[in-house]
Amino acid sequence: MRRFKILGWILLAILGIFILCGGIFINSLTPTYEGEQQLPSLSEEVDVYYDPYGIPHIYANTEKDAIRSLGYVHAQDRLWQMELLRRVGRGGLSEVFGRDLVKTDQFFLSLGIDDATLETLALLDMDSEMAQLAQAYLEGVNQFILRGPTPLEFYLTGLQKEPFSLRDIYNTVGYMAFSFAMAHKTDPLLTNIKNKLGPEYLEDLEINVDTRTTWIKNHAGFPIDSLQNEITTMVSKALGNIALPLFEGSNGWVISPSKTKNGKVIFANDPHIGFAQPAVWYEAHVVTPAYEKYGYHMAGIPFPILGHDRNLAYGMTMFENDDVDFYYEESHPTDSSKYKIAKGWSDYERVSKTIKVKDSSDVSFSFKKTIHGPVLNGIADQVTGERPISMSWIYTQEDNKVMHALYDMTHASNIQEFQSALANIHAPGLNIMYGDAEGNVAWWAAAKLYQIPEDAQTKLIYEPLTGLPVEKDYLDFSQNPQAINPPWNYVYSANNQPDSITGMLYPGYYLPENRARRIVELLEPKNDWDREAVAKMIVDITSPVHPEIVDNLVKSLELKELNSLQTKELDALVAWPGDYPLKSVEATVYTGWIYHFLKNTFADELGDELFQQVLATHFLKRLIAPMAAKENSIWWDDIETSEVVETKKEIVQKSFAQALESLEREFGPDRRNWTWNKVHTVEHGHPIGQVAIFRSFFNVGPFSVNGTREVINNMKFNFDETQLYDVVSGPSTRRIIDFSDVENSISILPTGQSGNPFSPYYEDQAEMYVRGEFRKMMMNREEIEATSKSLLTFKPTQD
């Protein structure tokens, strides 16, 4: 017996040692939010106060010291996220995740992001203030890499930490630019549909401008003082699997003093980005005697993409302009090393690259390039077509001054200086929203735009020797769509079609008018806006379009053929205001009806693969309302039933019945169980959380969430047979800046400030976010110090 007791005590001691060692190890991985740290190259001490939500408020005597400290604190909360984002553009994901990502790396290497970065850096003035501050930021990041704890993800993947450089910053910006683009999801797909079915099948797909919808109005005011589809499918799936953020859309509006209760500008912005953990934005408040900015940073980028101070605020939505084009190339009939150009034949450029692969040998590959860009055939095994397709992308073809633009935007002191910075944004296309304490409101479409011939169809692959000229006729920035202090006293953007410029409507992949109509509908009649009213508006869940779609579909129903359950549901839908609260049954029924309506309309002609690709496009969102209103369309006939020709009536009737049958199978016949909260959820996935055993530790959620696709509280999900709507993107932050009380401006993040799962700020905002709540963006130092959870002081290294 005594022997067993001794053995028990030994086992207990061993267990205690394991627990103690585990606790020490976990503590070593936790970010350091208090105490003192030495930081080389500092000229003086820097104080960093962490507020109750883990946002650092950095106080320094010089901007370089502040930005150097920002680099350190940013890295300790987001190093893993920084690591992944810097790897996309240079084809470095396979080194982390293995052979499954080789095709993705090949694709991104062929885009030329890394090559364009190296060309930009070769010409960069390293003595410029922008470059100097970027280097200071990198010094802080690299000091954390050298002396700070290693994040858990590096242990789990076996990846070694390596220093960051300017190359990494520019490659991260390049990935951001690519994720904004829609052409790679659209142009080859539409070309495939045209080639498979005929050009008449494109007419109802809403790929051109609809003059009946809500446009963003211009106003020149004055300041107060196929083949590619398979690649795209592969890339989108791969990036989704490792939970990298993909940029989708956004809302932004700025209200002039004459429409606000307190006579000052109110600014609102909520960029829509793919949900992931950590969330895309890192907030930081930087203060020096000569500079202050409360900013939202992307991982690895020193200057905030969104920001405000006491004088001005700015944000963004996606412009959705067309800056990517595809071309068929004609190879020489007897010499495959040559292709046809206007003046004869030219040699394909051959580019060779090597990819490092985890637990495997390196993979070397090569691809061709033309005057347009990389030839995409051969990039993925799925590509079997013989006609070469090249891709032309403005981002890699023009001088890259995006970092200069970000620096100038963050250092502008008035509207004139801010506007002058925007001309340096060539890509991605952004709608820049602006408001200031002087009463100015403005919107600019920032991108390098060019003349496009009226007969050019930019949403199809161009045939050889057709399409846009290689040397484009660029517009001056003053000709871009914009509105400055318009007489209607507000500006907004919801990724919808902007008004005409230089006599043409600029082509793009604009989203439908749904959100735009609702924003205008709410802003227009009200002249006493305050922060609370704007906070309510930014989480609005009502669509003005969806009840109209119901009305148009109902006209095609044979009411006498409905059973009692279907009649009851139809009566409820007809009275439905188009809102999406958690307990709505009508929202669930309507969304299922729309899915079956789309599937029964398009899937028979397209086939499953093309239909799934269409579901992922912007034009799919644009065509729902027009198709619901159309009586005649080539798509109504089901080509699988050769003995009859279906009409809209059969499609609508069948789809309504299928939607209800699906809900009965899943939730039973009691409609009270068909509520929106049971089918509409969000889970913020971490790359490591894609492994089942780590899911509950790394992922945040799932949560039932209100809203839906294309309402102001825009929660995007992908349609499928399950009729369960897992939200994949939405507001990446909700910011409201009220210049009558700027120190009490408010915001929220989808999960939390930190990307470290051992941090108390990893998911502390998640439930507030789904409830539509906010927290303060603190700027008052006295309040910050009084409420601070901790103080971290950086000291210069002692010689």
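None of the values given here were measured: they were computed from a predicted structure.

### Thoughts on the side chain of D114
1) Next: Checked against the element boundaries, D114 lands in helix 5 (residues 113–123).
2) Next: Look past the residues within four positions of D114 in its chain and what remains in contact with it is G89, R90, R167 and N171.

### Considering the pairing of strand 9 (residues 312–318)
In regular strands, side chains alternate between the two faces of the sheet.
1) Next: Among the seven residues that make up strand 9, seven are buried, leaving the element largely enclosed by the rest of the structure.
2) Next: Pairing of strand 8 (residues 306–308) with strand 9, which is carried by two bridges, proceeds in the antiparallel orientation. Each residue of the ladder has a partner; that of H308, found in strand 9, is A313.
3) Next: Following strand 8, the chain reverses through three residues before pairing antiparallel with strand 9.
4) Next: Two strands pair when backbone bridges link them, and strand 9 and strand 16 (residues 430–436) are joined in this way by seven bridges, in the antiparallel orientation. Residue pairing across strands places M316 opposite I432, the latter belonging to strand 16.

### So, empty space enclosed by the protein
1) Next: Roughly 180 Å³ of volume is contained in the largest cavity.
2) Next: Around the largest cavity, the lining comprises 17 residues; the ones closest to its centre are H546, Y590, I594, I624 and R709.
3) Next: Elements with a minimum of two residues in the lining of the largest cavity: helix 16 (546–554), helix 18 (586–615) and helix 19 (618–629).

### Re the environment of N495
1) Next: Assignment of secondary structure puts N495 in the loop between strand 19 (490–493) and helix 14 (514–523).
2) Next: Judged by relative accessible area, which is 0%, N495 ranks as buried.
3) Next: Setting aside chain neighbours within four positions, we find N495 in contact with G249, S250, T317, M318, E320, Y510, L511 and R515.

### Topic: the pattern of salt bridges
When charged atoms on two side chains of opposite charge get close, those side chains can pair.
1) Next: Scanning the model with the defined rule gives 38 salt bridges in all.
2) Next: Between R517 and E513 there is a salt bridge, and its shortest N-O distance comes to 3.6 Å.
3) Next: Looking at E513, the relative accessible area reads 15%, which means it is buried.
4) Next: Residue E521 is joined to R518 by a salt bridge in which the shortest nitrogen-to-oxygen separation is 2.5 Å. Of the two residues, E521 and R518 both sit in helix 14, three residues apart, roughly one turn of that helix.
5) Next: Its relative accessible area of 13% is what places R518 among the buried residues.
6) Next: Within this structure, E83, R86, R87, E95 and D168 form a network of salt bridges that share partners.

### Looking at the packing of helix 8 (residues 166–180) against helix 12 (residues 402–411)
A pair of packed helices can be characterised by two numbers: the angle between their axes and the separation between those axes.
1) Next: One can describe the packing of helix 8 onto helix 12 by two numbers: an axis separation of 10 Å at closest approach and a directional angle of 90°. Classified by the angle between their axes, helix 8 and helix 12 sit roughly perpendicular to one another. Two secondary-structure elements touch here, helix 8 through I169, Y170 and V173 and helix 12 through V402, M403 and H404.
2) Next: Classifying every residue of the contact of helix 8 with helix 12 gives five nonpolar, one polar and no charged.

### Remarks on the sheet that holds strand 7 (residues 291–297)
1) Next: On the basis of which strands lie adjacent, the open sheet formed by eleven strands has the order 1-27-2-3-6-7-8-9-16-17-18 and mixed pairing. Whereas interior strands pair on both sides, the edge strands pair on one side only; in this sheet they are strand 1 (35–39) and strand 18 (482–484). For this sheet the average axis-to-axis angle between neighbouring strands, irrespective of direction, equals 20°.
2) Next: Two elements, strand 3 (residues 56–59) and strand 6 (residues 282–288), share three bridges in a ladder whose sense is parallel. Following the sheet pairing, Y59 is matched in strand 6 by V287.

### Some points on the side chain of K716
1) Next: Of note, K716 is situated in strand 22 (residues 716–717).
2) Next: Setting aside its immediate chain neighbours within four residues, K716 contacts E248, K621, R709, D726, V727, V728 and S729.

### Comments concerning helix 14
Residues three or four positions apart in an α-helix share a direction because the helix packs 3.6 residues into each turn.
1) Next: If you check which residues of helix 14 are buried, you get N514, R515, A516, R518, I519 and L523.
2) Next: Looking at the packing, one finds that the buried side of helix 14 touches strand 4 (247–255), strand 5 (266–274), strand 19, helix 15 (531–537) and helix 16.

### Quick word on the packing of aromatic side chains
1) Next: Tallied over the entire structure, the rule returns 41 aromatic pairs.
2) Next: With a centroid separation of 5.4 Å and 90° between ring planes, the pair formed by Y72 and F144 is classed as edge-to-face. One end of the pair, Y72, is in helix 2 (residues 63–89); the other, F144, is in helix 6 (residues 129–147), with 72 residues separating them in the sequence. F144 matches Y72 in its accessibility class, with the two residues each being buried.
3) Next: Arranged with centres 5.7 Å apart and planes meeting at 70°, the rings of F303 and Y407 form a pair that is edge-to-face. With F303 in the loop between strand 7 and strand 8 and Y407 in helix 12, the pair connects residues that are 104 residues apart, well separated along the chain.

### Here's the deal with the nonpolar core
1) Next: The biggest cluster of nonpolar side chains holds 160 residues, and the ones touching the most others in it are W281 and W444.
2) Next: Considering each element in turn, this core owes the most residues, twelve residues, to helix 2.
3) Next: Dropping the residues within four chain positions of it, W281 is found in contact with R78, P271, I273, Y296, H297, M298, I305, L306, M316, S732, T733 and L749.
4) Next: Counting residues in hydrophobic clusters, the runner-up holds 59 residues, among them V585, Y590, V614 and V711.

### Overview of helix 20 (residues 648–667)
1) Next: Relative to the 28 Å expected for 20 residues at 1.5 Å per residue, helix 20 spans 29 Å between its end C-alpha atoms, a close match to the ideal helical length.
2) Next: Listed as buried for helix 20 are K648, I651, V652, Q653, S655, F656, A657, A659, L660, S662, L663 and F667.
3) Next: Looking at the buried residues of helix 20, the elements they touch are helix 16, helix 17 (564–574), helix 18 and helix 19.
4) Next: Of the residues trailing helix 20, G668 is marked for its positive phi of about 90°.

### A few points about unusual backbone geometry
1) Next: That bond from Q277 to P278 is cis: its omega, 5°, falls within 30 degrees of zero.
2) Next: Structurally, the position occupied by P278 is in the loop between strand 5 and strand 6.
3) Next: For the peptide bond that leads from G701 to P702, omega is 10°, which places it in the cis range.
4) Next: Looking at the element boundaries, P702 is found in strand 21 (residues 700–704).
5) Next: Of note, E320 is a non-glycine position whose phi angle comes to about 70°, a positive value.
6) Next: With respect to the helices and strands, E320 occurs in the loop between strand 9 and strand 10 (324–328).
7) Next: You can call E320 buried: its relative accessible area is 4%.

What counts and what doesn't
- Residues numbered from 1 in each chain as written.
- Predicted model: local features only at pLDDT ≥ 70, side-chain atom pairs only at ≥ 80, totals over all residues.
- Heavy atoms only, no water.
- Helix = DSSP H or I, 4+ residues; strand = E, 2+ residues; numbered from the N terminus.
- Contact = heavy atoms within 4.5 Å.
- Buried < 20%, exposed > 50% of the residue type's maximum accessible area, 1.4 Å probe, protein only.
- Pairing = 2+ DSSP bridges.
- 1 Å grid on protein atoms, 1.4 Å probe; cavity = no way out; pocket = protein on both sides within 12 Å on 5 of 7 lines; lining within 4 Å.
- Points joined across faces, edges and corners; volume = space filled by probe spheres on them.
- Salt bridge = Lys/Arg side-chain N within 4 Å of Asp/Glu carboxyl O.
- Axes fitted to C-alpha atoms, helices over the stretch in contact; angles between N-to-C directions.
- Parallel < 35°, antiparallel > 145°, perpendicular 65-115°, else oblique.
- Nonpolar A, V, L, I, M, F, W, Y, C, P; charged D, E, K, R; others polar.
- Phe/Tyr/Trp six-rings, centres within 6.5 Å; stacked < 30°, edge-to-face > 60°.
- Core = buried A, V, L, I, M, F, W, Y, C linked by side-chain atoms within 4.5 Å.
- Expected span 1.5 Å × (residues − 1).

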